Amino acid sequence: MQSTCHFTRRAHQECERPSSSPSSGPVAGVSNRLQRALKIPVAALLLATAWLATTMAPAHANIDTTINNLTAPVASWVGKVVFFKIPLGGADLPLVVLWLIAGAVFFTFYMQFVNLRGFKHAIHLVRGDYADPNSAGEVSHFQALATAVSGTVGIGNIGGVAVAVTVGGAGATFWLIMAGFLGMSTKFVECTLGVKYRNENPDGSVSGGPMYYLRRGFSDRGMEGFGKFIGAFYAIGIFIGALGIGNMFQSNQAYVQLNHVSGGALDGLGWLVGLIMAVVVFSVIVGGIKSIAKVTEKIVPFMAVFYCLFAVLVILMNYASLPAAIGNIFTGAFTADGVAGGALGAMIIGFQRAVFSNEAGIGSASIAHSAVRTDEPVTEGYVSLLEPFIDTIVICTITALVIGTTHVAYPGFAGDATGVAMTSLAFEQKFSWFPIPLALAAVLFAFSTMIAWSYYGLKGWTYLFGEEAKTQTTYKVIFCAFVALGCMVQLGPLLDISDAFVFLICVPNILGLYFLAPIVKREMESYLARIESGEIKRFKN
Amino acid sequence: MKKSNLLAVDGSPGGKKALQYVLDTIDSSTVGIVLAYVIEWSPYTFNTPEENAERHQRRESEITRAKAGVVAPAKKQLEEKGFSVQAVVRHGPPAETLINLAHEYKVSEVAFGRRGQSGIKSLLFGSVAGSLIQTSDIPITVVP
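Residues numbered from 1 in each chain as written. Chains lettered and ligands numbered in written order. Predicted model: local features only at pLDDT ≥ 70, side-chain atom pairs only at ≥ 80, totals over all residues. Heavy atoms only, no water.

1. Some remarks on the confidence of the model for chain B
Residues and elements named next belong to chain B.
Link 1 in the chain: Per-residue pLDDT for chain B has a mean of 88; in total, 93% of the residues score no lower than 70.
Link 2 in the chain: Confidence, read as mean pLDDT per element, is least for helix α4 (residues 119-125) in chain B (69) and greatest for strand β3 (residues 85-92) (94).
Link 3 in the chain: With pTM at 0.84, the complex prediction returns an ipTM value of 0.88. (pLDDT = per-residue confidence, 0-100. Helix = DSSP H or I, 4+ residues; strand = E, 2+ residues; numbered from the N terminus.)

Structure follows, in structure tokens:
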């Protein structure tokens, strides 16, 4: 069996030898036949759920309510399990959030503040300063970054921040930024591992991500059984979680904004909007109609810049309220009277929404970055530092300041609205027409996030059930069904379920990162030494 | 030391004209040829994750197609005429890459066939010939 790693010149890359039966995926102690047998019932169950939901009750308004009534208790149960809370200083601290914070802090220190010290190098890498002309045509660092960012910049940056501020007060913004800053280190570790432990398929394409590095990493440490289990656990978590954060949440909030912009004309028509979105997503990921994806991928960065530009304009127009808004953020971060749980409550919410937005600790970015063909896995780690920076420290903060300054200038502007609706109202105070381009931006962000997450979920699915085309199509169809479903559910239970799965998979991921961090540290130190000595060539500038 | 010229081909009629120009006018005993095929590509595009995952195999097949379909036949024609040929296939933005290759291989001249895009298209999207002429520091022969 030949190794598929003929392109590496150094032993920095661990590549998987193709398994003896190329059409099956590796899974924890479950035989191939059982895997195949399991695949169909699981797929059927997921599809049945979606189908049942979409065909219930003839009256349109009733569909939405019925789904909501069905999902709310499930959501709350799942939420209780994942977010098991311990009381701490007046607030209820979910253990899983503590797990994330501890991880981010640990990795920041252990990697010697790579989030600060590696930033400049990340920019050089993305610019192409270290790009070997002979490897032109392979995925560049810029492309890997752009792909990952378009996956993380989604409705969360517009709507999730509003939720954070509603629940946690202005102080949540401070902790959001902190979480973004610390999360950069977590991303650094997971993306380096994603490249290092990826699998090269017989057809030349690449499959990588936490399920691979968890299994291989624990296996290398002599814990093979546990490695297989945890890899499979993660894979299941991500293909279900993808249906929440990368799917239903996005389509839901896009629908909300469209409805808001049309002045409520789409009330009760969530199922229709969802269906249309599902068809479009289907045509891209199953139909392979690349043109739609290509157009979206090109427009999204422009929309992001447009959004930030106008957000900055709004902030400047509210400049009189800016000092007060910033003051609120700092006092809220440390005192937060009036918020449930006080400052700690703000911190918890800030961290939760930041992770939801920039995905540090979830491991999804490592799937995107694993496609880059490089001799130095740690370079992708550096590049990935920029993602939480762009996503959270720049875009989320801008959104938070728009909302914060509007709060000061126009108290009570939002009324009952939260999520994307609140952000929209904030912009409306200055630019009454803004909800329209915002709706367009929301739909495009949602769309590009859905495309990216369909891929991440797919990788989890194929890890368990094999890389055959039919297997892949099955998951893609399920994914599209849930796009439609997302528009029929209320934000509350939807967010609970999405949150729950996403944070659930953080647990095995970060556990694996703790075990594998020494490997990343070694890679980083060796790489830095070789940069110093000039062994690694700088080709430009 | 024999000097060398760079001949840019891309499978288009312009490239063929440039090849014919070299065959007709260049003296094979004093000039070596660097035969270059630049596959248009930019490192600054926005792709889907699936496109990135497939990129490596795409790249390999693009290079194979270029070599077999365009470079190998051109090389044969040149060698029959007595030229010593070095063939290279590289991805990148066309004008920039050609100039980089010209420097790398230390050529004295570049021969390039104009693709003859309409005036509007050239105006809006630029032409490779135009960029080459304006940014190169080596003599360029544009074969119309």
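Moving on, there is more to tell.
2. Thoughts on the nonpolar core
Link 1 in the chain: F188(A), Y382(A), F479(A) and F503(A) are the most contacted members of the largest nonpolar core, which has 157 residues in total.
Link 2 in the chain: If one sorts the elements of this core by residue count, helix α19 (residues 435-465) of chain A sits on top with 18 residues.
Link 3 in the chain: Apart from the residues within four sequence positions on either side, Y382(A) is in contact with V114(A), G118(A), H121(A), A122(A), L125(A), F188(A), M524(A), Y527(A) and L528(A).
Link 4 in the chain: Within the second largest apolar cluster, 23 residues are counted, among which are L19(B), V71(B), L78(B) and F83(B). (Core = buried A, V, L, I, M, F, W, Y, C linked by side-chain atoms within 4.5 Å. Buried < 20%, exposed > 50% of the residue type's maximum accessible area, 1.4 Å probe, protein only. Contact = heavy atoms within 4.5 Å.)

3. Quick notes on helix α3 (residues 94-104) of chain B
Link 1 in the chain: Turning to α3(B), its buried residues number three or more, namely P94(B), A95(B), T97(B), L98(B), I99(B), L101(B) and A102(B).
Link 2 in the chain: In this fold, the buried residues of α3(B) make contact with β1 (3-9), β2 (31-40), β3, β4 (109-113) and α5 (128-135) of chain B.

4. A word on the pairing of strand β5 (residues 140-143) of chain B
Residues and elements named next belong to chain B.
Link 1 in the chain: Of the two faces of β5, the one holding T141 and V143 is buried and the one holding I140 and V142 is not buried anywhere.
Link 2 in the chain: Where β4 and β5 come together, four bridges link them in parallel fashion. Looking at the pairing, A111 lines up with T141 of β5. (Pairing = 2+ DSSP bridges.)

5. A word on the packing of aromatic side chains
All names here are of chain A.
Link 1 in the chain: Enumeration according to the criterion identifies 39 aromatic pairs over all chains in this entry.
Link 2 in the chain: Measuring from centroid to centroid gives 5.0 Å for Y212 and Y463, while their planes differ by 90°, and the two rings are edge-to-face. Of this pair, Y212 sits in helix α9 (residues 210-220) while Y463 sits in helix α19; the two residues are 251 residues apart in sequence, bridging distant segments of the chain. Like Y212, the residue Y463 is buried in the burial classification.
Link 3 in the chain: Ring geometry for F218 versus F226: centroids 5.0 Å apart, planes at 90°, classification edge-to-face.
Link 4 in the chain: On the basis of relative accessibility, which here comes to 1%, the residue F218 falls in the buried class.
Link 5 in the chain: Following the ring pairs from residue to residue traces out a cluster consisting of F306, Y307, F310, F427, F431, W433 and F434. (Phe/Tyr/Trp six-rings, centres within 6.5 Å; stacked < 30°, edge-to-face > 60°.)

6. A closer look at the sheet that holds β3(B)
All names here are of chain B.
Link 1 in the chain: One open sheet holds the five strands; their spatial order is β3-β2-β1-β4-β5, and the pairing between them is parallel. Of all the strands in the sheet, the pair left with one neighbour each is β3 and β5. Recorded for the sheet is a direction-independent mean angle of 20° between the axes of neighbouring strands.
Link 2 in the chain: For β1 and β4, the ladder comprises four bridges, and the chain directions are parallel. Following the sheet pairing, N5 is matched in β4 by E109. (Axes fitted to C-alpha atoms, helices over the stretch in contact; angles between N-to-C directions.)

7. As for the interface of chain B and chain A
Link 1 in the chain: Chain B puts 21 residues into the contact, and the matching count from chain A is 34 residues.
Link 2 in the chain: Carbon and sulfur atoms supply 53% of the area buried between chain B and chain A, which totals about 2500 Å² over both sides.
Link 3 in the chain: Among the residues chain B hides against chain A, the three largest losses belong to F46(B), P49(B) and H56(B). Together they make up 26% of the total.
Link 4 in the chain: Our enumeration of links across chain B and chain A arrives at two salt bridges.
Link 5 in the chain: One salt bridge in this structure joins R59(B) and E138(A), with 3.3 Å as the shortest N-O distance.
Link 6 in the chain: One can count 14 residue pairs in polar contact (both at pLDDT 80 or more) joining chain B with chain A. (Buried area = accessible area lost by both parts, 1.4 Å probe. Salt bridge = Lys/Arg side-chain N within 4 Å of Asp/Glu carboxyl O. Polar contact = N/O pair within 3.5 Å; in protein donor to acceptor, adjacent residues only side chain to side chain.)

8. Comments concerning the pattern of salt bridges
Link 1 in the chain: Overall, the coordinates contain 15 salt bridges over all chains when judged by the stated rule.
Link 2 in the chain: Close ionic contact of K75(B) with E79(B) constitutes a salt bridge, the shortest N to O distance being 3.9 Å. You can see K75(B) and its partner E79(B) sitting in helix α2 (residues 49-80), four residues apart, about one turn around the helix.
Link 3 in the chain: Look at E79(B) and you get partly exposed, because its relative accessible area is 41%.
Link 4 in the chain: Here the residues in one salt-bridge network are R127(A), D129(A) and R538(A), joined through shared partners.

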